[in-house]
Structures are given as C-alpha cells and as structure tokens.
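# Breakdown of the fold
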Amino acid sequence: MNRKRQDITIVGGGMVGMAQAALLAVRHPQLQLSVLEAATEAPQVPDEHYDARVVALTQASRDLLEEAGAWGEIGLRACPYTEMRVWDAEGTGSVCFNSRDVQLPNLGHIVENGVVAAALRARLEALPNVELVSGFRLESWWRDCGHWHLQPRSGRTDMPEGLEERAEVVRTRLLIGADGARSKVRDLLRIRCQDTDYHQTALVCVVRCAKPHRHTAWQRFLKTGPLAFLPLAGLGDDNHCAVVWSADEELARELVMLDDAAFALSLEKAFESALGKVEFVGDRLSFPLRARHAESYFGPGAVLVGDAAHNIHPLAGQGVNLGLQDVRVLSDEIGRALKRGLGLADPSVLARYQRRRRGDNAITLKAMSTFKSLFGAGDLHWRWLRNTGLSMVDASPMLKKRIILRAMAV
Ligand SMILES: Cc1cc2nc3c(=O)[nH]c(=O)nc-3n(C[C@H](O)[C@H](O)[C@H](O)COP(=O)(O)OP(=O)(O)OC[C@H]3O[C@@H](n4cnc5c(N)ncnc54)[C@H](O)[C@@H]3O)c2cc1C
C-alpha cells in the first residue's frame, strides 16, 4: 500500500463514499485523496440477471453522478420511470404522479446498487489523485499535529509488535466517515445516535410479471407496511421489477419461510395483481429496518456522510439520495474553504456542512416515520384521513407539481 500522506481520506467505499471521492477529485485535482474499503472484492455487475438491491435515483443525484463522471455506465442500465402510482390497500385513495405534470422526461431512474458502485469504482480507478485501498477495515486511530492516523484491523499475528502494523497506517488531514449505518468512524468519534426500531423488515427480490411495468414505480400501502414494484430495464424486456416489501416483523418471518411459488402468490395478492401473474421470483434478501440519526455530523478533523450520519425507512427511496446531497454540500464547503485559505478540517467548515444538512435530513426522517405510522394505523378515522389526503393530492395539479419538484431535488 502507498503510505504517503493524504489530504482527505474517506472510510467506506459504498455508493456515497465513492461518490464523495470522485466529486472532490474532479473538482480539486490538487488534493490527494484515498478511499479505505473493508471489502476485498470489487462490486460486480451480472450480465444475465438483475441484482436484487436497487435504488431510485433523483434528478439531483443523477446531476451529481454526471459531474463526478460516473453516470455514463449507470445510464446504460438504469430504468427511467415516468409515473409513480401510490394507493392505499384499505380504501379507495390513490395518487398518480406523472413526469408530464412537471414537463420533464422522467421522475427519476431505478438502478441496481451494484451498477452504481461498479461505475464509481471504475471512475475512481481512472482518477490520478485518488488511491483506492480494498481490504482495509478501519479499527483504531490516533490524532497528532492536526492529522488522523488510521489503522486497519490486522489479521496477521506474525509481525514484530507495532512495526509493520504502523507501516500500514494512513495519515490524513480530514477524515470522512462514509462507512454505513454501523459506522466505526461515528463510534470512534463517540458521536451518539438516535436509534428507533421500525419493527419491520424489508424483503427485496427481482420478479418477472406477466404485464409490462410501463416505466411506472408502483407502491401499495398495506397495514403491515408498504410494498413497492420498481421497474427495471437494461436486459431486454419491460417485465422485470425490483420488489421492496417492508413488512411488520411477524409477517416478514412468515414470508421468508415460504418457497418461491408460495411467495409469488402472496406477492401477487398483496399487490392486487396490478401487473398480472408473478411468473418468476429471484433470490430474496432481507434487511431489518431502523431509523438512525447521528446527534452531530462532525468531530475534530472528521465528518460523517450518508448512512453513517442517517438511516431512513426505504418507503420513499431516499436514503442514498440524501447521502449524495451530503456529498454535494460537503464538497461545496470544502471548495469554499480552499478558496478562503481555511484548513480542510477547520471546525467552521464542518459546522457549516452540518448546518446545511442535518436539519433537512431530520425533516425527511420525521416524514418517513409519520408516513409509516399513518399507513400502519387501522382505525376508521386514520383510514379516512389518509384516503382523503391521497385523493386530494391527486385532484390538485399544483400540489402534485410541488411534491414532485421537492422530491426530485433531494
Ligand atoms: C431495502 C432497501 C431499499 C432501499 N432503497 C433505496 C432507494 O430506492 N433509494 C435510495 O436512495 N436509497 C435506498 N435505500 C438506502 C440506500 O441503500 C442506502 O442509503 C445507501 O446504500 C447507503 O450508502 P452508504 O455508502 O452511505 O453506506 P453503505 O452502502 O452501507 O456503504 C458503507 C461502506 O463502508 C464499508 N465499511 C464499513 N465499515 C468499514 C470500516 N470499519 N472500514 C472500512 N470500510 C468500512 C462497507 O464495506 C461499505 O462498502 C434502501 C435501503 C434498503 C435497506
């Protein structure tokens, strides 16, 4: 491993960490950056099938990935969606958002996580001022003379104490923690986290349906949690969708136990066969859902972005979009600091980033928790309220336009 000093080191090479490195590297070729990633294997894009994990990227996220030079490969496999249909399983309320409402070609893109990660990784490998280190799991650190010294977990026991281990240390002026929901950086900074269990599990898989998806993102709100069918493209037909079924724990446990045929039937029933028969179900993955929010986004010489700072319910598909907005704002603040001759890790720089992001993220977290509770409430009063609310939004072009434009800007 290269042991030179870095200006900025990003711990965590997920979508957010790699986007952060690429954007900073493109905007500031004079900076030396490194990305330390625990995984040893590079993300792969399967040629013959879809990955089960997908994200819905907004226009703002696409703009950022374009500026970072990574959109080209992503765009080849991303599925633009022009419509979003949301309806309540317990009533008649529904709303349909269409890109025509805002005179735009689409509302966003559905794309597999692996496609985004592989494109960003290829981009980082081509950037001369970025060093990408795989298999580096940050374990411990110390700070002196305004620099962090980062040390990986060592699996080796044959080294003279301290010698080679210290040789692997990375030294950096600013540390960016992009190491996901269970962030080690957050722990090492002793930043506390508000942590709420949603008591739901998200089951994700790819399905093929009898009817084409019509480039529409579908979401049905069941009392036990939202069920989304998100359109996929890039492998030849319009019948594949990525399913994200967020279900109360008890139901999720039952669904996990079902074989593929029984699961397909449950899925079809829960989705009111809106796309006809579910003909094929791919590998199923499950994720326990929690809301987390770091009480502070920074400590001395270090700052958090993406899931390391906040985790939200996937019902509005905003997690990575919020993370990419963190990336944009932190990059803007670093650019501003460089122009003004401030240190990269100057507390005023990190505090400005926090001021611009934490409030916005808190609002989205709160909104997701409210949605989850509102749609989980079974009594008549709440059912009436949400069905009326959906129908009112559907009947108001002005309100729809405002909602779409706000969602696309995240
Ligand atoms: C079911 C589901 C559906 C979702 N759908 C959407 C959607 O439609 N739209 C959307 O915007 N978001 C969605 N999300 C959220 C989105 O997936 C996350 O917000 C996003 O993946 C977070 O990216 P990240 O890079 O911050 O973190 P991660 O993807 O968790 O990446 C963290 C990286 O850090 C590495 N790492 C961890 N610890 C260390 C360490 N100590 N040292 C070095 N490296 C380390 C990990 O190996 C990993 O590569 C969904 C989430 C779920 C669960």
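If you're wondering where the values come from, they're calculated on a predicted model, not measured in any experiment.

## Brief notes about helix α2 (residues 59–67)
Listed as buried for α2 are Ala60, Ser61, Leu64 and Leu65. Looking down the long axis of α2, one finds its buried residues gathered within 135° of arc, a one-sided arrangement. Looking at the buried side of α2, the elements it contacts are α1 (15–27), β3 (54–57), α3 (71–77), α4 (113–126), α9 (319–340) and α12 (397–408).

## A closer look at the pairing of strand β11 (residues 170–177)
Among the eight residues of β11, six are classified as buried, and the element is accordingly described as predominantly covered. In terms of strand pairing, strand β1 (residues 6–11) meets β11 through five bridges, oriented parallel. If you follow glutamine 6 over to β11, its bridge partner there is threonine 172. Across three bridges, strand β10 (residues 147–152) lies against β11 in antiparallel orientation.

## As for the domain arrangement of the chain
A common measure of how large an interface is: the accessible area buried when the components associate. Looking at the chain, the domain boundaries give domain 1 (6–49 + 123–194 + 290–369) and domain 2 (81–103 + 199–289 + 380–404). A straight line from the C-alpha centre of domain 1 to that of domain 2 covers 33 Å. The interface is formed by seven residues belonging to domain 1 together with eight residues belonging to domain 2. Summed over both sides, the interface of domain 1 with domain 2 buries roughly 590 Å², with 65% coming from carbon and sulfur. When the area that domain 1 buries against domain 2 is broken down by residue, the three leading residues are Arg290, His313 and Leu315, summing to 65%. Summed over the shared surface of domain 1 and domain 2, the number is zero salt bridges. Run the count over domain 1 and domain 2 and you get two residue pairs in polar contact (both at pLDDT 80 or more). Taken together, the residues of the side of domain 1 that touches domain 2 sort by class into two nonpolar, two polar and three charged.

## Brief notes about the side chain of glutamate 268
As for its position among the elements, glutamate 268 is in helix α8 (residues 260–270). Put simply, glutamate 268 is tucked away with no salt bridge, and the nearest opposite charge, on lysine 277, sits 5.0 Å away. Excluding anything up to four places from it in sequence, glutamate 268 contacts Ser273, Gly276, Lys277 and Val278.

## Remarks on the nonpolar core
Membership of the largest hydrophobic core comes to 65 residues, with the highest contact counts inside it found for Ile8, Leu57, Leu150 and Ile176. By residue number, the principal contributor to this core is α1, which donates nine residues. Setting aside chain neighbours within four positions, we find leucine 57 in contact with Leu65, Trp71, Gly108, His109, Val111, Val116, Val320, Asn321 and Leu324.

## Section: a nonpolar patch on the surface
A cluster of nonpolar side chains, Trp382, Trp384 and Leu385, forms an exposed patch at the surface whose accessible area comes to about 340 Å². Looking at where leucine 385 falls in the secondary structure, it is placed in helix α11 (residues 380–395). Take leucine 385: its relative accessible area is 37%, and that puts it in the partly exposed class.

## Considerations on the pattern of salt bridges
In the structure shown here, the tally under the stated rule is 22 salt bridges. Between glutamate 125 and arginine 121 there is a salt bridge; the shortest N-O distance is 3.3 Å. Residue glutamate 125 and its partner arginine 121 are both found in helix α4; the two are separated by four residues, about one turn of the helix. Classification of glutamate 125 as exposed rests on a relative accessible area of 55%. In this structure arginine 121 comes out as buried when scored by relative accessible area, which is 15%. Linked by salt bridges that have partners in common, Arg27, Glu67, Arg328, Asp332, Glu333, Arg352 and Arg356 make up one network.

## Regarding the packing of α1 against α4
Packing of α1 against α4 leaves a shortest axis separation of 9 Å and a crossing angle of 35°. Crossing of α1 over α4 shows left-handed handedness. Contacts between α1 and α4 pair Met15, Met18, Ala19, Ala21, Ala22 and Val26 from the former with Asn113, Val116, Ala117, Leu120, Arg121, Arg123 and Leu124 from the latter. A per-class count over the contact of α1 with α4 returns ten nonpolar, one polar and two charged.

What counts and what doesn't
- Residues numbered from 1 in each chain as written.
- Predicted model: local features only at pLDDT ≥ 70, side-chain atom pairs only at ≥ 80, totals over all residues.
- Heavy atoms only, no water.
- Buried < 20%, exposed > 50% of the residue type's maximum accessible area, 1.4 Å probe, protein only.
- Helix = DSSP H or I, 4+ residues; strand = E, 2+ residues; numbered from the N terminus.
- Arc of directions from axis to C-beta.
- Contact = heavy atoms within 4.5 Å.
- Pairing = 2+ DSSP bridges.
- Domains from an automatic or database assignment.
- Buried area = accessible area lost by both parts, 1.4 Å probe.
- Salt bridge = Lys/Arg side-chain N within 4 Å of Asp/Glu carboxyl O.
- Polar contact = N/O pair within 3.5 Å; in protein donor to acceptor, adjacent residues only side chain to side chain.
- Nonpolar A, V, L, I, M, F, W, Y, C, P; charged D, E, K, R; others polar.
- Lys, Arg positive; Asp, Glu negative; His and termini not counted.
- Core = buried A, V, L, I, M, F, W, Y, C linked by side-chain atoms within 4.5 Å.
- Patch = residues over 30% accessible without salt bridge, like charges linked within 9 Å, V, L, I, M, F, W, Y side chains within 5 Å.
- Areas by Shrake-Rupley, 256 points an atom, 1.4 Å probe, with all protein chains shown as cover.
- Axes fitted to C-alpha atoms, helices over the stretch in contact; angles between N-to-C directions.
- Left-handed = near helix turned anticlockwise from the far one by under 90°.

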